[in-house]
Amino acid sequence: MLRQASRLISRSVTAASSKSVTARAFSTELPSTIDSTFVESWKKVAPNMDPPRTPSSFMKPRPSTASSIPTKLTVNFVLPYASELSGKEVDMVIIPATTGQMGVLPGHVPTIAELKPGIMSVHEGTDIKKYFVSSGFAFLHANSVADIIAVEAVPLENIDASQVQKGLAEFTQKLASASTDLEKAEAQIGVEVHSAMNAALSG
């Protein structure tokens, strides 16, 4: 009896669904409702509309690449609070990249380099200006322009060697007594920066 009832229910459901399917008209069978007035108005306005602007529309054009290698490298060296060098033409810059010391001459291939704590030296003839940088990035462009951004930097001659030794000892002690991962990370950063400064002053 239950089987018979289920058969009757399934038949009724199938019949109802088939009726609803056959009763529903397809989109191709719908009557045309095109508004001729709107179409004519659109034809008048559309040719005068600007195409949509993409993010690339707002980008400045890339600097042109010189046909010959220039004799000077243009350096922009900036910090979050100051601009150390702006459009300075030099012979060479040596930066402390995470992959090692990188010498940058005019005509260097376009590169983005991450900086680590160390010495950045700016060479202009026989004059060499040295900075200690904590971290940052260097953007080397095809037109012999180098944009160097550092989180912190100071001329090497302004660093007090005794304060560096004191700071190195303090952070070494903190690293030895650190009990949490945060304390260890902060102490490790302090040791690495002060060790780099100590090596810069002694070397």
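The following paragraphs examine the structure supplied in this document. (Residues numbered from 1 in each chain as written. Predicted model: local features only at pLDDT ≥ 70, side-chain atom pairs only at ≥ 80, totals over all residues. Heavy atoms only, no water.)

### Overview of the overall build of the chain
Spelled out, the test is: Only DSSP runs of H or I covering at least 4 residues are called helices, and only runs of E covering at least 2 are called strands; the numbering of each starts at the N terminus. Relative accessibility decides the category of a residue: with a 1.4 Å probe and only protein chains considered, values under 20% of the type maximum give buried, values over 50% give exposed, and everything between is partly exposed. Any two residues whose heavy atoms approach within 4.5 Å are treated as being in contact. Note on areas: Shrake-Rupley, 1.4 Å probe, and residue coverage restricted to the protein chains presented here.
Looking only at helices and strands, one finds four helices and 10 strands in the chain. Start at the N end of the chain and walk to the C end: the helices and strands fall as α-α-β-β-β-β-β-β-β-β-β-β-α-α. Relative to its full complement of 203 residues, the chain shows a buried share of 24%. A separation threshold of at least 6 residues defines the contact pool for the chain, and within that pool the share at least 24 residues apart is 50%. Total accessible area on the chain is roughly 14,500 Å²; 59% of this is exposed by carbon and sulfur atoms.

### Section: the packing of helix H3 (residues 161-177) against helix H4 (residues 181-202)
The following threshold applies: Each axis is a line fitted through C-alpha atoms, and for a helix only the stretch in contact is used; angles between axes span 0 to 180 degrees, taken between their N-to-C directions. Oblique is the label for any angle not under 35 degrees, not over 145, and not in the 65 to 115 range, which are roughly parallel, roughly antiparallel and roughly perpendicular in turn. Take the far helix as the reference: if the near one is turned anticlockwise from it by less than a right angle, the crossing is left-handed, and if turned clockwise, right-handed. All amino acids are sorted into three groups, where Ala, Val, Leu, Ile, Met, Phe, Trp, Tyr, Cys and Pro are nonpolar, Asp, Glu, Lys and Arg are charged, and the leftover types, Gly among them, are polar.
The contact between H3 and H4 brings their axes to 8 Å, and the two run at 150°. As judged from the angle between their axes, H3 and H4 are roughly antiparallel. Crossing angle aside, the handedness with which H3 passes H4 is left-handed. On the side of H3, the interface is formed by Ala161, Val164, Gln165, Gly167, Leu168, Phe171, Thr172, Lys174 and Leu175, while H4 contributes Lys184, Glu186, Ala187, Gln188, Gly190, Val191, His194, Ser195, Met197, Asn198 and Leu201. Here the residues of the contact of H3 with H4 sort into nine nonpolar, eight polar and three charged.

### Structural notes on the packing of aromatic side chains
Definition in use: Within 6.5 Å between ring centres, the rings of Phe, Tyr and Trp (the latter by its six-membered ring) count as paired, and their orientation is classed by plane angle as stacked under 30 degrees, edge-to-face over 60, tilted in between. Here, a charge over a ring is recorded when the distance from Lys NZ or Arg CZ to the ring centre is within 6 Å and its angle to the ring normal is within 35 degrees.
All told, the structure shown has two aromatic pairs when counted by the stated rule. Each ring, one from phenylalanine 77 and one from tyrosine 131, has its centre 5.2 Å from the other, and the planes form 70°; the classification is edge-to-face. Here the residue phenylalanine 77 occupies a position in strand E1 (residues 73-78), and tyrosine 131 occupies one in strand E7 (residues 127-133), the gap between them amounting to 54 residues. Residues phenylalanine 137 and phenylalanine 139 carry aromatic rings whose centres are separated by 6.4 Å and whose planes lie at 35° to one another, so their mutual orientation is tilted. On the accessibility criterion, phenylalanine 137 (39% relative accessible area) is partly exposed. Relative accessible area serves as the criterion here: at 29%, phenylalanine 139 is assigned to the partly exposed category. Taking the ring centre of phenylalanine 171 as reference, the NZ or CZ of lysine 174 above it sits at 5.1 Å.

### A look at the pattern of salt bridges
Rules: Salt bridges are identified by distance alone: a Lys or Arg side-chain nitrogen within 4 Å of an Asp or Glu carboxyl oxygen.
For the coordinates displayed, the defined rule picks out three salt bridges. Between lysine 72 and aspartate 91 there is a salt bridge, with the nearest N and O atoms lying 2.6 Å from each other. Placement of lysine 72 in the loop between helix H2 (36-45) and E1 and of aspartate 91 in the loop between strand E2 (83-90) and strand E3 (92-97) is noted, with a sequence separation of 19 residues between them.

### Structural notes on the environment of lysine 129
Heads up, the rule is: Under this definition, polar contacts are N or O atom pairs within 3.5 Å; protein pairs additionally need one hydrogen-donor-capable and one acceptor-capable atom, and for neighbouring residues in sequence, both atoms have to be side-chain atoms.
Residue placement: lysine 129 occurs in strand E7. Since its relative accessible area comes to 31%, lysine 129 is described here as partly exposed. Each C-alpha atom of the pair lysine 129 and leucine 156 lies 8.4 Å from the other, and the pair is 27 residues apart in sequence. With near-sequence residues (within four places) excluded, lysine 129 lies in contact with Met120, Ser121, Val122, Pro155 and Glu157. Here glutamate 157 takes part through its side chain, which lies 2.7 Å from a polar atom of the side chain of lysine 129.

### Things to note about the pairing of E1
Spelled out, the test is: A pair of strands is labelled paired if DSSP reports no fewer than 2 bridges between them.
A one-sided burial pattern is seen for E1, the buried positions being Leu73, Val75 and Phe77 and the unburied ones Thr74, Asn76 and Val78. Relative to E2, E1 runs antiparallel, the two being bridged by five bridges. Bridge pairing in E2 places valine 75 opposite lysine 88. Taking the residues between adjacent antiparallel strands as the criterion, E1 and E2 are bridged by four residues. Bridge count for E1 against strand E9 (residues 145-150) is five bridges, and the pairing is parallel. From the neighbouring strand, threonine 74 faces E9, where its bridge partner is valine 145.

### Some remarks on the nonpolar core
What counts, and what does not: Side-chain atoms within 4.5 Å are what join buried Ala, Val, Leu, Ile, Met, Phe, Trp, Tyr and Cys residues into a set we call a nonpolar core.
Grouped together as the largest cluster of nonpolar side chains are 23 residues, with contacts concentrated most on Val75, Phe77, Val93, Ile95, Met120 and Ile148. With eight residues, the next largest nonpolar core counts Phe132, Leu156, Ile159 and Val164 among its residues.

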